[in-house]
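Summary of the model geometry
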Amino acid sequence: MSNLIPDSGSQLLIGGKLVPGQGNLFGNINPATGEQIGYAANAGPADMDAAITAARTAFDATDWSRDAGFRAACLRQLRDALRGHIEELREITIAEVGAPRMLTAGPQLEGPIGDLGYFADLAENYSWETDLGIASPMGIKSSRRLRREPIGVVGAITPWNFPHQINFAKISPALAAGTTVVLKPAPDTPWCAAAVGRIIAEETDIPAGVVNIVTSDDHGLGAQLVADPRVDMISFTGSTRTGRTVMAAAAQSLKKVFLELGGKSAFIVLDDADLKAAVSYAAFGVTVHAGQGCAISTRLLVPREHYDEAADIAARTLAGIRPGNPDRPGTVCGPLISEQQRARVERYLDSARAEGGTVTGGNRPDLPGYFIEPTLVAGLPNSATVAQEEIFGPVLTLIAHDGDDDAIRLANDSPYGLSGSVWGTDPARLRTVVNGVRTGTLSVNGGVWYSADAPFGGYKQSGIGREMGIAGFEEYLETKLIATGC
Ligand code: NAD
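Predicted, not measured: the structure shown is a model, and the values here were computed from it. (Residues numbered from 1 in each chain as written. Predicted model: local features only at pLDDT ≥ 70, side-chain atom pairs only at ≥ 80, totals over all residues. Heavy atoms only, no water.)

Brief notes about the overall build of the protein
Put simply, the rule reads: Secondary structure elements follow DSSP: runs of H or I no shorter than four residues count as helices, runs of E no shorter than two count as strands, and numbering proceeds from the N terminus. C-alpha atoms define the radius of gyration in this analysis, and the globule rule sets the expected value at 2.2 Å times the number of residues to the power 0.38. Exposed residues in this analysis have more than 50% of their type's maximum accessible area, buried residues have under 20%, and partly exposed residues fall in between, with area computed by a 1.4 Å probe over protein chains only. Contacts are assigned to residue pairs with any non-hydrogen atoms lying within 4.5 Å of each other. Neither His nor the chain ends is counted toward charge; the positive residues are Lys and Arg and the negative residues Asp and Glu. Think of each charge as sitting on NZ of Lys, CZ of Arg, CG of Asp or CD of Glu.
Across its full length, the protein carries 15 helices and 22 strands. Scaling as 2.2 N^0.38, a compact globule of 486 residues should have a C-alpha radius of gyration of about 23 Å, and the protein matches this with 23 Å. Based on the C-alpha atoms only, the size of the protein along its principal axes is roughly 70 × 65 × 40 Å. Across the 486 residues in the protein, those meeting the buried criterion constitute 58%. In the protein, the proportion of contacts linking residues at least 24 apart, taken out of those at least 6 apart, comes to 73%. Charge centroids of the protein, computed over 41 positive and 55 negative side chains, lie 4 Å from each other.

Some thoughts on the domain arrangement of the protein
The condition is simple: Domain delimitation follows an automatic or database domain assignment. Summed over both partners, buried area is the accessible surface (1.4 Å probe) that two parts give up on being assembled. Just to be clear on terms, a salt bridge is a Lys or Arg side-chain nitrogen sitting within 4 Å of an Asp or Glu carboxyl oxygen. Contacts described as polar in this section are N or O atom pairs within 3.5 Å, which, within protein, must combine one atom able to donate a hydrogen with one able to accept it, while residues neighboring in sequence count only if both atoms come from side chains. Each residue gets one of three labels, nonpolar for Ala, Val, Leu, Ile, Met, Phe, Trp, Tyr, Cys and Pro, charged for Asp, Glu, Lys and Arg, and polar for the others, Gly among them.
The domain architecture assigned to the protein consists of domain 1 (12-261 + 463-485) and domain 2 (265-451). If you average the C-alpha positions of domain 1 and of domain 2, the two centres end up 31 Å apart. In this assembly, 30 residues from domain 1 lie in contact with 27 residues from domain 2. A combined buried area of about 2,100 Å² lies between domain 1 and domain 2, and 63% of that area is made up of carbon and sulfur atoms. Area buried by domain 1 at its contact with domain 2 is led by P31, M102 and W160, which between them contribute 25% of it. The interface formed by domain 1 and domain 2 holds 1 salt bridge in total. A salt bridge links D327 to R101, with the nearest nitrogen and oxygen atoms 2.8 Å apart. Our count for the contact surface shared by domain 1 and domain 2 stands at 7 residue pairs in polar contact (both at pLDDT 80 or more). Among the elements of the structure, α3 (86-97) and α4 (110-125) are those that each provide at least two residues to the side of domain 1 that touches domain 2. Partitioned by chemical class, the residues of the side of domain 1 that touches domain 2 number 15 nonpolar, 9 polar and 6 charged.

Quick word on the sheet that holds strand β16 (residues 395-401)
Strands belonging to one sheet form pairs held by backbone hydrogen bonds; the direction of such a pair is parallel or antiparallel. Rules: Each pair of strands is called paired provided DSSP finds at least two bridges between the two strands. Axis lines are fitted to C-alpha atoms, over the contacting stretch for helices. Their N-to-C directions set the angle, which ranges from 0 to 180 degrees.
Spatially, β14-β15-β16-β13-β12-β18-β19 is the arrangement adopted by the 7 strands of the open sheet, whose pairing is mixed. With one partner strand each, in any of the chains shown, β14 (358-361) and β19 (443-444) form the two edges of the open sheet. Two strands pair when backbone bridges link them, and β14 and strand β15 (residues 375-378) are joined in this way by 4 bridges, in the antiparallel orientation. Bridging from a neighbouring strand, G361 pairs with T375 of β15. In the packing of helix α10 (residues 307-319) onto the sheet, contacts are made with β13 (297-303), β14, β15 and β16, and the angle to β16 comes to roughly 170°. Against the sheet, helix α14 (residues 427-436) touches β12 (265-269), β18 (420-423) and β19, its axis set at about 165° to β18.

Details of the site of the ligand
The test is simple: One heavy atom suffices: a residue is near a molecule or strand as soon as one of its heavy atoms comes within 4 Å of it. All accessibility values rest on the Shrake-Rupley procedure with a 1.4 Å probe; residue burial counts only the protein chains present in the view.
Around the ligand, the structure places 28 residues, and the nearest of them are K184, H219, S239, L261 and E390. A distance of 2.7 Å is found between an oxygen atom of the ligand and a backbone nitrogen or oxygen belonging to T158. A distance of 3.4 Å separates a nitrogen atom of the ligand from a polar backbone atom of A223. For the ligand, whose accessible area on its own is 850 Å², the fraction buried by protein is 88%. Elements represented by at least two residues in the shell around the ligand include exactly α7 (220-227), β10 (233-237) and α8 (240-250). The greatest single-element share of the shell around the ligand, amounting to 3 residues, is contributed by α8.

A short note on the pairing of strand β6 (residues 142-150)
With 6 bridges joining them, strand β5 (residues 129-135) and β6 adopt antiparallel strand pairing. For G133, the partnering residue across the bridge sits in β6 and is R144. Here β5 hands over to β6 after 6 residues, with M138 in that stretch at a positive phi of 55°. When β6 meets strand β22 (residues 477-485), the two strands line up antiparallel, connected through 9 bridges. Its bridge partner lying in β22, R147 is registered against K480.

Observations regarding helix α1 (residues 45-61)
The cut-off we apply is this: How far a helix is expected to stretch is found by multiplying one less than its residue total by 1.5 Å.
Counted at 1.5 Å a residue, the expected span for α1 with its 17 residues is 24 Å, and the 24 Å between its end C-alpha atoms agrees. Along α1, the residues that are buried comprise D47, M48, A51, I52, A54, A55, R56, A58 and F59. Those residues of α1 that are buried are in contact with β1 (12-14), β6, β7 (153-157), β8 (180-184), β9 (211-213) and α7.

Observations regarding the packing of aromatic side chains
Quick note on the threshold: Aromatic pairs are defined between Phe, Tyr and Trp rings, using the six-membered ring for Trp, whenever the two ring centres lie within 6.5 Å; interplanar angles under 30 degrees are classed as stacked, those over 60 as edge-to-face, and all others as tilted.
Tallied over the full model, the rule gives 10 aromatic pairs. Centroid distance W64 to F70: 6.0 Å. Interplanar angle 85°. Geometry classified as edge-to-face. Look at W64 and you get buried, because its relative accessible area is 3%. Geometrically, the ring pair formed by F267 and Y281 is tilted, given 6.4 Å between the ring centres and 50° between the ring planes. One end of the pair, F267, is in strand β12; the other, Y281, is in helix α9 (residues 275-287), and 14 residues separate them in sequence. Y281 sits in the partly exposed class, given a relative accessible area of 39%.

Details of the state of the cysteines
Spelled out, the test is: The disulfide criterion used throughout: a pair of cysteine sulfur atoms within 2.5 Å.
Scanning the entire structure with this criterion turns up 0 disulfides. In this structure C333 is a free cysteine whose sulfur lies 17 Å from that of C294, the closest cysteine sulfur available. For C333, a relative accessible area of 0% translates into the label buried.

Quick look at the structure:
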């Protein structure tokens, strides 16, 4: 395994030092083989406490929060150092996440590393102060200045599906803004975070305590981070269920909560669309990284009169994509992250059958690891469990709609509102549908919204706030208004 991970296991980064942590090590499993590939440091509560102390001290007692030029230089230095280890990081990401190799050229690795440059530029060029001019509220002439300042200590809690993308979608804007960070990654993917911690400690000038990385198999450490009053903000990505718990717990210390949660996005095919192109694109989409993406469109809404034809196209497309070794360059559909996750997907397929649906695919291929075949669920209404709940597997649910208004209604008949797609040819109809769907990102005819400057986030129970872009950067800022009598 990569030189970034010693045989004795990965380490924590606390107060600028790489440390083993107080707990035992915990095993790291390759989901494509089911085999243990090594160990990660298993932090305990005292380690989390030390990490929060270090982040607090770095924020309160150093110039980090006041020196945007230095921060920009550190972000570029980190980007370059990461690029110097890109093949080791790729190896870790494929082995630990089960991420298809081809995705590491984009959002699974190289994308978020490149995005550090975008946030460095933002730190340098952002208008930290705005002159609001002179006014005379209550008859007192005052010159007003609006100042943006970093929010303080950020607790970042992340899931396992796109660990680099999500870790950096928090670390990069948080550092650009001048906050300090305690990152608590998911127990399934400790090495992606630990490798970054090691590079920060050994190859950058990022001051001690500015970034702390605490890996653990104990979800309780996330809860500890949320509860600690020394933390000013929680930036959380994960399931809606955990997000709810995080928000409730954060209320005790009234800290800011930023949430990126689950999705059940709709792919709407209008009756003037190229049915074959649209349906096969949608079916392909749910197989990417075995459907373990919050923004994947997993409900396919097709005109009722084309339902059977769409089912046939989707089933054939899904059957043509064989799950396989993520290390191979051509693999799109790798394994699910764990046996537990595979069992969860299978329970959803059982629920679809029990509710009267037809399930095509969904078997376990003859492979080691946690693979499942891409699957089509047909014959169910939008109220079915598989259409309402997030499955997080390569499962497409096909639903009939009765025209554009009905498609909008069905797309919005969901607790979620994270992403979605619309396919058609008439620009006026497309615009009406786009405007009608309540969701944070939307792709039209295959357009791609993912980039550093594009804010991403959810309506409804898909989250609160936006990640990436200027909006994502400003999540980490406070606003101070200064009025000077004149
Ligand atoms: P999860 O909610 O189980 O865990 C996410 C993180 O929260 C982990 O680090 C976990 O240790 C931590 N955690 C668990 N309980 C906690 C608690 N009580 N307090 C604080 N932290 C706690 O999610 P997961 O299974 O790791 O990831 C899959 C989920 O993430 C899916 O629902 C997916 O949609 C969502 N997700 C959302 C986005 C987005 O940007 N909207 C992106 C990726 C994944």
